[in-house]
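Examination of the molecular architecture
Here are the chains, one letter per residue:
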Amino acid sequence: MIIVFLKVINNKDRFFINNKIEKQIIGILLDVDWFKLLYYIYLEIIVGDKMEDEKKLSEFQRRINSGEVIEPKDWMPERYRKQLIRMMGQHAHSEYVGMLPEANWITRAPSLRRKLILLAKVQDEAGHGLYLYSATETLGVDRKDLLEQLLEGKAKYSSIFNYPTLSWADMGVIGWLVDGAAIVNQTVLAKSSYGPYSRAMVRICKEENFHKKQGYEIVATLAKGTPEQKKMVQDSVNRFWWPALMMFGPHDKESPNSAELMRWKVKLKSNDELRQRFVDLTVPQARAVGLTLPDPELKYNKERRSWDFGEINWDEFYNVIKGNGPMNKERIKARKEAHENGAWVREAAEAYAAKHKINRKI
Amino acid sequence: MKLDNNVKNALFEFLLRMGDDRLILGHRLSEWCGHAPVIEEDIALGNIALDLIGQASAFLNFAAGVEGKGRTEDDLAYFRNETEFKNLQLVEQPNVDFAHTIVRQYFFDVYSNLVLTNLTSCPVNELAGMASKSLKESKYHLRHSKQWLLRLGDGTDLSNEKTQNAVNNLWRFTKEIFDIDETEKLLIEKGIVPEMSGFREKWLDSINKTFMEAKLKLPEDNLDFSAGSRNGFHTEHLGHLLAEMQILARSYPGAKW
Ligand SMILES: [Fe+2]
Ligand SMILES: [Fe+2]
Ligand SMILES: [Fe+2]
C-alpha cells in the first residue's frame, strides 16, 4: 500500500491525478482510513505546493508582461533559470572562444596602431567573457562547471568562430560583420527580462559598437587600397557573409526554444526578424565601400522596404553546430590546452592563498 | 634642447633600445592572448602587452623624429632587420610556459622601473614625459609580475620547481642589462640620461628580497659570455619573432593599412 501511495505522490510532474487507473486505485484506497489521512496530507503539502507554484508562475508571468526586471533573488521557474544558464553560458563561451580567431593575427598586424587596436579588441572580448560568466553565476552555477561543459564539447558557442581567419582582411570583416551581427542580437537582449543579463548586454554592446566601427574602418581602408588589398577584403567578405547570417540561428519555425523564450521576454525578436534587420543594415554599408555580398538573390523589395536574400545553406549550419566545422576541433583543442597547461598555475595560486590564511592565523 | 650630431645619434640609439625592449616583450606577451591559464590572465597579460607596445610606439616615434630622416615608428618596427634591433636578449626569449613568462617579466619590470624613474628627471622634456607616463604603467606591471612570482615560487612543489627552472634558464640573459657602453656614457656625460651606476646592485637587491620571500634561489653568477644585444647581437629567437611580426607589412610594400 505504502508503495502504491508513494508511487502516486512521487509522480510530481503530473499535476494532481489525471490517470484513470490511478483514480480508481485512489477511489478504493480512500476507503482505508489511514490512507485517507496520508492522502489528505499529500493534498495539503504537495498539491498545495503545486498550487502555490502555479500562483507564483502566473505572478511571474504578470511581472514579465508588465516589463518588470527579474533579479537573481526573485522567484523564477526552473525552466527560466535553465534556459538563461544555457543562453548566457553559450554567450560567455562565444566571447571566450571568439578570442582565438582574432588573436591569430595580433602578432602579424601590419602597423603598430592596428596591432594596438586589435589587441585591445581581443582583450575586450576576454572581459566580456569574464563578465558574462559572472552574470551566469548569479543563476547558481559555477564558472568551473560551465568551462568543463565547454571543454567536453557539451556546451555550444557561436558557430561563426569555427571558421578560420586566413587574411588580415578578416580582422576588418569580423569586426564589421560578426560584431555587427552580435550588436543586432544584443541590442535586443539588453531589454531582456533578466536583470544581470540585460545590464551585461548594455555594457558589452557599447564596446561591440567600437569593434564594429574599427572593423569597418579596416574594411574601408582595404577597399580603397591597392588591387591586392581590394581582392583580400572581397575574398574575406565572400567567406564570412553566410556564416555571419547563420549567427542568428535557424528559421523561427525550426527554433525549438524560441516560443518559450519570447513568452518570458528572454528573447524579444525572432531569429528571422533579427537576421533581416542585419541584412538591411549591412547591404548599404557594403555598397558604400564598393564590396559585393556573395548572394545573387539579394534584391531590394520595395513593398517590404527590405532586402530579399537567398537561402542559407542549412546543411552547413547544422554540421558546424554538430562539431564538423572547419575549426571546431582546433578551437576546443586550444581551449583545452590552455586549461591543462594552466592547471599547475591555478593550483599554485590556490596553495599560496591557503598558506597565507594559515600564516595570518599564526 | 639643441643637440650636437653625435649626441643626437646617441639619443636615437638609446630611444631604439627603449622602444625595442618594449616592442619585443609586448609581442611575446601578446602571444598569450587567448591561451592564458585563466581568463583574468588573458586580460592582465593583454593589458601589459598593450601598455608596452604603446610605450614602444611612443619611443620609436620620438626616435624617428630625433633621427630626422622622415622615417616613422612603423618604418622602425617593420623595416629593420634582426641586427638592427637593439632590445635586450632577455625580452626576445620565448614564453615557454607561465613560469618563464613571469620570471622574464619580473626581471624586466624591476629594471624598467629603475630606468624610467631615473629618466623622469631627464632634461629632454619629451623623454621625461614619456618616462613618467610609462613609469605609472610599469609600476603596475611590476606589482603583477611580483605577485605571481610569489605565488609560483611559494605555491606548490611543482610550481616552485618550474619557476626555479625558469630562473636558472633566464639568469644568463640578465647581466648585459647593466652594461654601459659608449652611447650611454656620452648621454650621461651630457646630462641627458642621469647617472646609472649602482643600478645592478639595486636590481639585485630587489630580486634577492623577492626571491627570499618566494623561496627561490639565486643562480651562481657564472656569466661567461658577453651578449651585446644593445649593438645588435641577438639569440636566434629574434629572427623568427620578426619574421612573423613583419611579414604582412613587408609583403605589401607601400600599402596603407
Ligand atoms: Fe564581445
Ligand atoms: Fe558578444
Ligand atoms: Fe566584439
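Our structure is the block above this text.
Residues numbered from 1 in each chain as written. Chains lettered and ligands numbered in written order. Predicted model: local features only at pLDDT ≥ 70, side-chain atom pairs only at ≥ 80, totals over all residues. Heavy atoms only, no water.

Thoughts on the overall build of chain A
Here is the rule: Numbering of helices and strands runs from the N terminus, with a helix taken as a DSSP run of H or I at least four residues long and a strand as a DSSP run of E at least two residues long. Any residue under 20% of the maximum accessible area for its type is buried, any over 50% is exposed, and the rest in between are partly exposed; the area is computed with a 1.4 Å probe on protein chains only. Should any heavy atoms of two residues lie within 4.5 Å, those residues are considered in contact. Using a 1.4 Å probe, the Shrake-Rupley method yields the accessible areas, and only the shown protein chains count as cover for residues.
Counting its secondary structure elements, chain A contains 15 helices and two strands. Here chain A holds 362 residues, and the buried ones make up 50% of them. For chain A, contacts bridging at least 24 residues in sequence account for 74% of all contacts bridging at least 6. Of the accessible surface of chain A, which amounts to about 18500 Å², a share of 55% is contributed by carbon and sulfur atoms.

As for the coordination of the iron ion (ligand 2)
All names here are of chain A. Under the convention used in this document: Each metal's donors are the N, O and S atoms found within 2.8 Å of it, except that Na, K and Ca use a 3.2 Å limit; water is left out, so coordination can look incomplete.
The protein atoms that coordinate the iron ion (ligand 2) are E95 (OE) and Q186 (NE2), at distances of 2.1 to 2.5 Å. Metal-to-metal, the separation of the iron ion (ligand 2) and the iron ion (ligand 1) is 3.4 Å; E95 coordinates the two. Highlighted residues: E95 in helix 4 (residues 78–97) and Q186 in helix 8 (residues 169–189), separated in sequence by 91 residues. Residue class for E95 comes out buried when judged on its relative accessible area of 6%.

Considering unusual backbone geometry
Residues and elements named next belong to chain A. The phi dihedral of K265 is positive, around 55°, even though this residue is not glycine. Tracing the chain through its elements places K265 in the loop between helix 11 (258–263) and helix 12 (271–288). For K265, a relative accessible area of 27% corresponds to the partly exposed category.

What about the coordination of the iron ion (ligand 3)?
Residues and elements named next belong to chain A. Definition in use: Labels for metal geometry use angle windows, namely 85 to 135 degrees for all angles of a four-donor tetrahedral site, and for square planar (four donors) or octahedral (six donors) sites opposite donors over 155 degrees apart plus all others within 65 to 115; sites meeting none of these are irregular.
The protein atoms donating to the iron ion (ligand 3) are E125 (OE), D179 (OD), E208 (OE) and H211 (ND1), with metal-donor distances spanning 1.9 to 2.2 Å. For the iron ion (ligand 3), the four donor atoms in the first shell make angles of 93 to 141° at the metal, so the coordination geometry reads as irregular. When the donors of the iron ion (ligand 3) are listed by position in the chain, the intervening gaps give E-x53-D-x28-E-x2-H. In this model, the iron ion (ligand 3) sits 3.5 Å from the iron ion (ligand 1), the two metals being bridged by E125. With D179 in helix 8 and H211 in helix 9 (residues 195–223), this pair connects stretches of sequence that are 32 residues apart. No difference in accessibility class separates D179 from H211, as the two residues are buried.

Thoughts on the side chain of D51(B)
All names here are of chain B. The criterion, for reference: Positive charges are assigned to Lys and Arg, negative charges to Asp and Glu, while His and the chain termini are left out of the count. Just to be clear on terms, a salt bridge is a Lys or Arg side-chain nitrogen sitting within 4 Å of an Asp or Glu carboxyl oxygen.
Its place among the elements puts D51 in helix 2 (residues 39–67). Nearest to the buried, unbridged D51 among oppositely charged side chains is K133, at 6.8 Å. Contact partners of D51, with chain neighbours within four places excluded, come to E137, Y140 and H141.

A short note on the packing of aromatic side chains
Residue and element names in this part refer to chain A. Rules: When the centres of two rings from Phe, Tyr and Trp lie within 6.5 Å, Trp using its six-membered ring, the rings pair. Their planes under 30 degrees apart give stacked, over 60 give edge-to-face, and anything left gives tilted.
One pass over the full model with this rule turns up 21 aromatic pairs over all chains. Between the aromatic rings of F60 and W75, the centroid separation amounts to 6.1 Å while the plane-to-plane angle is 80°, which identifies the pairing as edge-to-face. Of this pair, F60 sits in helix 3 (residues 33–65) while W75 sits in the loop between helix 3 and helix 4, and the two are 15 residues apart along the sequence. Classification of F60 as buried rests on a relative accessible area of 2%. A residue is classified by how much of its surface remains accessible, and W75, at 33% relative accessible area, is partly exposed.

Looking at the packing of helix 5 (residues 98–119) of chain B against helix 9 (residues 199–214) of chain B
Residues and elements named next belong to chain B. Under the convention used in this document: Every angle, taken between N-to-C directions, lies between 0 and 180 degrees, and every axis is a line fitted to C-alpha atoms, over only the stretch in contact when it is a helix. Any angle from 65 to 115 degrees is called roughly perpendicular, while one under 35 is roughly parallel, one over 145 is roughly antiparallel, and all others are oblique. For any helix crossing, the convention is left-handed if the near helix is rotated counterclockwise from the far helix by under a right angle, and right-handed if that rotation is clockwise. Each residue is assigned to one class: nonpolar for Ala, Val, Leu, Ile, Met, Phe, Trp, Tyr, Cys and Pro, charged for Asp, Glu, Lys and Arg, and polar for all the others, Gly among them.
In the contact formed by helix 5 and helix 9, the axes pass within 10 Å of each other and the chain directions differ by 140°. When the axis of helix 5 is compared with that of helix 9, the two are oblique. With respect to the hand of their crossing, helix 5 and helix 9 are arranged in right-handed fashion. Listed contacts from helix 9 to Y106, F107, V110, Y111, L114, V115 and N118 of helix 5 are F199, K202, W203, S206, I207, T210 and F211. Grouping the constituent residues of the contact of helix 5 with helix 9 by class yields 10 nonpolar, three polar and one charged.

Here's the deal with the interface of chain B and chain A
Threshold: Accessible area that two parts lose when put together, evaluated with a 1.4 Å probe and summed over both, is termed the buried area. Here a polar contact means two N or O atoms within 3.5 Å. Within protein one must be a hydrogen donor candidate and the other an acceptor candidate, and residues neighboring in sequence count only if both atoms are side-chain atoms.
Of the residues lining the interface, 46 residues belong to chain B; the matching set on chain A comes to 45 residues. The junction of chain B with chain A conceals about 4000 Å² of combined surface from both sides, 71% of it contributed by carbon and sulfur atoms. Three residues, I39(B), L50(B) and W257(B), lead the burial of chain B against chain A; their summed loss comes to 19% of the area buried on that side. Inspection of the chain B/chain A interface yields two salt bridges. As a salt-bridge pair, D154(B) and K355(A) come within 3.1 Å of each other at their nearest N and O atoms. Summed over the shared surface of chain B and chain A, the number is 12 residue pairs in polar contact (both at pLDDT 80 or more).

Considerations on the environment of L238(B)
Residues and elements named next belong to chain B. Tracing the backbone through its elements, the reader meets L238 in helix 10 (residues 237–251). Residues L238 and L248 lie 10 residues apart in sequence; the distance between their C-alpha atoms is 17 Å. Setting aside anything within four residues of it in sequence, one finds L238 in contact with I24, E82, F85, N87 and E92.

A short note on the side chain of K86(B)
All names here are of chain B. Note that K86 resides in the loop between helix 3 (73–78) and helix 4 (89–92). One polar contact links K86 to E13, side chain to side chain, over a distance of 3.0 Å. Beyond its immediate chain neighbours, meaning those up to four positions away, K86 contacts E13, L16, R17, D20, D21, S229, R230, N231, G232 and H234.

Digging into the environment of I48(B)
All names here are of chain B. Positionally, I48 belongs in helix 2. In the structure, I48 is positioned 23 residues away from L25 in sequence and 9.6 Å away in space, judged by C-alpha atoms. With residues up to four places along the chain from it excluded, the contact list for I48 reads L29, Q105, Y140, H141 and H144.

Looking at a negative patch on the surface
Selection rule: Patch definition: residues above 30% relative accessible area lacking any salt bridge, with like charges linked at up to 9 Å and the nonpolar side chains Val, Leu, Ile, Met, Phe, Trp and Tyr linked at up to 5 Å. By convention, the point assigned to a charge is CZ for Arg, NZ for Lys, CD for Glu and CG for Asp.
Judged by side-chain charge, D49(A), E52(A), D53(A) and E54(A) come together as a negatively charged surface patch. Tracing the backbone shows D49(A) in helix 3.

Considerations on the packing of helix 5 of chain B against helix 7 (residues 157–170) of chain B
Residue and element names in this part refer to chain B. At a closest axis distance of 8 Å, the pairing of helix 5 and helix 7 adopts a crossing angle of 55°. Our classification of the angle between helix 5 and helix 7 gives oblique. The crossing of helix 5 and helix 7 is right-handed. Each of A99, H100, V103, R104 and F107 in helix 5 lies in contact with helix 7, whose residues at this interface are K162, T163, N165, A166, V167, N169 and L170.

A closer look at the pattern of salt bridges
Per the counting criterion, the structure on display carries 31 salt bridges over all chains. Residue K121(A) is joined to D179(A) by a salt bridge in which the shortest nitrogen-to-oxygen separation is 2.8 Å. One end of the pair, K121(A), is in helix 6 (residues 112–137); the other, D179(A), is in helix 8, with 58 residues separating them in the sequence. Residue D179(A) is classed as buried on the basis of its relative accessible area, which comes to 4%. E31(B) is the salt-bridge partner of R28(B), the closest N and O atoms lying 3.0 Å from each other. On the basis of relative accessibility, which here comes to 28%, the residue E31(B) falls in the partly exposed class. Beyond isolated ion pairs, a larger network of salt bridges with shared partners links E59(A), R62(A), R63(A), E68(A) and D74(A).

As far as function goes, none of this settles anything; it's purely spatial.
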